[in-house]
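A closer look at the structure
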Amino acid sequence: MSESFTAPKGTRDVLPPESARWQALIAEFAGRLNRAGYGLVQTPLFEDLAVFERVGESTDVVRKEMYDFEDKGGRRLALRPEGTAGVVRAFVQHRPTTPWKVWYVTPNFRYESPQAGRYRQHFQLGAEAMGTDDPEIDVEVITLAWQLYRALGLQRVVLLLNSLGDPQCRPPYFETLREYLREHRRDLCDEHRDRLDEAPLRVLDCKRAACRKATADAPRMVDHLCDDCRAHFEQVKAGLGRLGIDFAIETRLVRGLDYYTRTTFEFQASALDAAQNAVGGGGRYDLLAEALGGPPTPGIGFGMGIERILLACDAEGVFPAPEAAVDVWVVDLTDSGAALELSHQLRDAGVATDRAFGGRSAKAQMKAANRSGARLAVIIGEQELTDATVTVRDLRADREQETVPRDKLIDRLQELLHP
Ligand SMILES: [Zn+2]
Ligand SMILES: [Zn+2]
């Protein structure tokens with residue numbers, strides 16, 4: 001016997017019928033984004049390593065968890081750990097007209113310890129809007145995510161909001177924060193005792209009890225915003241209020257990446273465990289295009305993990321897998337190749353149709369038809385073949401059946417399926 005294989009550690013296969021739920025989620029997302037003027041963007045799964053390094057030099061995602069490698073030509077590349085960097089790199093390269101609004105669905109790769117709802121390859125839905133710092137686009141982007149959760153039936157998803165300021169107000173705030181942290185250095189967790197100068201904001205985001213406690217009274221960015229940033233933040237909040245979208249200000253919300261500015265947000269599913277309850281999030285990254293060699297270009301976006309969203313749906317008992325059954329099952333009792341032909345014709349006319357293979361007996365074919373969940377069986381026997389008719393049998397209700405001329409079949413099926 002030859003060696004057998006399983007999916008690599010930290011990855012999983014998504015098969016039917018589970019995948020029907022994925023398909024429905026992606027379709028719902030794509031439809032909503034398209035209707036708001038966002039087009040699909042496809043960028044490579046791997047980029048120059050430097051693209052991701054510029055996005056998050058001081059983050060764990062980039063420092064420890066990246067799938068980086070050298071290709072046969074000696075190029076340093078990495079599999080995408082998150083969605084935004086590649087999209088912004090594409091913007092800088094192609095300079096499309098702004099506002100540039102795009103969405104994507106993509107796997108992301110992180111070399112981390114697998115745990116519930118966390119994979120080395122996980123899938124993300126995302127959107128980015130580049131070229132305007134109008135606070136109303138912040139509201140639009142946040143609202144698109146919020147509406148998706150509601151459309152799925154999720155009621156227990158809350159929106160957390162913060163502002164991280166900009167290059168004008170952040171440096172003086174950082175100094176104030178560093179000063180505070182230095183005074184409390186002894187009380188911080190081991191990691192942050194040594195790293196507070198490098199990334200002071202990250203200390204606020206730390207989940208360890210020591211850091212939480214030591215930073216309870218730390219200065220908050222929202223109290224140190226410059227006039228422009230404060231006005232921007234006020235308008236985002238007012239816009240959300242106008243659309244009836246509830247939110248809570250969470251001053252510890254700093255997100256994982258270095259280039260976030262001003263608006264940041266996260267959606268948390270209270271039906272999930274606190275450590276794993278983020279079902280989406282994002283923010284403004286007004287400095288990122290420049291960091292990737294482009295002209296200064298504001299931008300905002302979000303990403304949401306498909307696996308995590310579906311866990312939240314399970315926890316709330318909403319968004320069940322859609323029924324994946326075909327409408328019609330063709331049962332061929334002749335040796336004439338009728339099933340081949342009929343299935344082809346029906347599919348061509350837009351009727352969801354399937355059939356059995358391998359010249360199976362009448363009984364086996366009817367069993368397959370019943371098991372398939374199809375509503376109707378189209379049966380063709382020797383008599384029907386001679387008469388140019390078929391028998392249409394209802395597989396669900398009273399199993400009524402009728403004889404239909406072949407040339408009227410498609411019309412009759414449409415009537416029965418869509419009365
Ligand atoms: Zn810490
Ligand atoms: Zn500012």
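Whatever comes next refers back to the structure up there.
**Topic: the coordination of the zinc ion (ligand 1)**
For the zinc ion (ligand 1), every protein donor is listed as C189 (SG), H192 (ND1), C206 (SG) and C211 (SG), and the spread of their distances is 2.1 to 2.3 Å. In terms of primary sequence, the donors binding the zinc ion (ligand 1) are separated according to C-x2-H-x13-C-x4-C. Of the two residues, H192 sits in helix α7 (residues 190–195) while C211 sits in helix α9 (residues 209–214), which places them 19 residues apart along the sequence. When sorted by exposure, H192 lands in the same class as C211, which is buried.

**Some thoughts on the packing of helix α1 (residues 18–35) against helix α5 (residues 135–152)**
Axis separation between α1 and α5 bottoms out at 11 Å; the angle between their running directions is 140°. Between α1 and α5, the angle is such that the two are oblique. The chirality of how α1 crosses α5 is right-handed. Mapping the contact onto sequence places L25, E28, F29, R32 and L33 in α1 and L144, Q147, L148, A151 and L152 in α5. Looking at the contact of α1 with α5 residue by residue, the class counts come to seven nonpolar, one polar and two charged.

**Observations regarding the packing of aromatic side chains**
Applying the stated criterion across every chain yields a total of nine aromatic pairs. Ring geometry for Y149 and F267: centres 4.9 Å apart, planes at 55°, overall tilted. Note that Y149 is positioned in helix α5 and F267 in strand β9 (residues 261–269), a separation of 118 residues in sequence. Residue classification places F267 among the buried residues on the basis of a relative accessible area of 1%. A network of ring pairs unites the aromatic residues F29, W103 and F302 as a single cluster. Directly above the aromatic system of Y111 lies the positively charged group of R120, at a separation of 4.1 Å from the ring centroid.

**A few points about the coordination of the zinc ion (ligand 2)**
Here the zinc ion (ligand 2) is held by the protein donor atoms D166 (OD), C169 (SG), C226 (SG) and C229 (SG), which lie 2.2 to 2.3 Å from it. Around the zinc ion (ligand 2) sit four donor atoms; with metal-centred angles ranging over 92 to 121°, the donor geometry is tetrahedral. Considered as a linear motif, the donors of the zinc ion (ligand 2) on their single chain read D-x2-C-x56-C-x2-C. Residue C169 is found in the loop between β7 (157–163) and α6 (170–183), and its partner C226 is found in the loop between α9 and α10 (227–242); the two are separated by 57 residues along the sequence.

**Some thoughts on α1**
With 18 residues, α1 extends 27 Å between its outermost C-alpha atoms, agreeing within 8% with the 26 Å of an ideal straight helix rising 1.5 Å per residue. Where the residues of α1 are buried, they touch β5 (100–109), β6 (121–130), α5, β11 (299–305) and α12 (306–316). Where α1 terminates, the next one or two residues include G37, which has phi positive at roughly 90°.

**Some remarks on the side chain of R80**
Secondary-structure assignment places R80 in the loop between β4 (76–79) and α4 (84–94). Salt bridges are absent for the buried R80, whose nearest opposite-charge side chain, E47, sits at 5.5 Å.

**Let's talk about the sheet that holds β7**
Taking strand neighbours across the sheet as the criterion, the eight strands line up as β1-β5-β6-β11-β10-β9-β7-β8 in an open arrangement whose pairing is mixed. A strand with exactly one partner marks an edge of an open sheet, and here the two such strands are β1 (39–40) and β8 (248–249). As paired elements, β5 and β6 share ten bridges and run antiparallel to each other. Looking at β6, one finds that W100 is bridged to M130.

Calculation notes
- Residues numbered from 1 in each chain as written.
- Chains lettered and ligands numbered in written order.
- Predicted model: local features only at pLDDT ≥ 70, side-chain atom pairs only at ≥ 80, totals over all residues.
- Heavy atoms only, no water.
- Donors = N, O, S within 2.8 Å, 3.2 Å for Na, K, Ca; no water.
- Helix = DSSP H or I, 4+ residues; strand = E, 2+ residues; numbered from the N terminus.
- Buried < 20%, exposed > 50% of the residue type's maximum accessible area, 1.4 Å probe, protein only.
- Axes fitted to C-alpha atoms, helices over the stretch in contact; angles between N-to-C directions.
- Parallel < 35°, antiparallel > 145°, perpendicular 65-115°, else oblique.
- Left-handed = near helix turned anticlockwise from the far one by under 90°.
- Contact = heavy atoms within 4.5 Å.
- Nonpolar A, V, L, I, M, F, W, Y, C, P; charged D, E, K, R; others polar.
- Phe/Tyr/Trp six-rings, centres within 6.5 Å; stacked < 30°, edge-to-face > 60°.
- Lys NZ or Arg CZ within 6 Å of the ring centre and 35° of its normal.
- Tetrahedral: all angles 85-135°; square planar, octahedral: opposite > 155°, others 65-115°.
- Expected span 1.5 Å × (residues − 1).
- Lys, Arg positive; Asp, Glu negative; His and termini not counted.
- Salt bridge = Lys/Arg side-chain N within 4 Å of Asp/Glu carboxyl O.
- Pairing = 2+ DSSP bridges.

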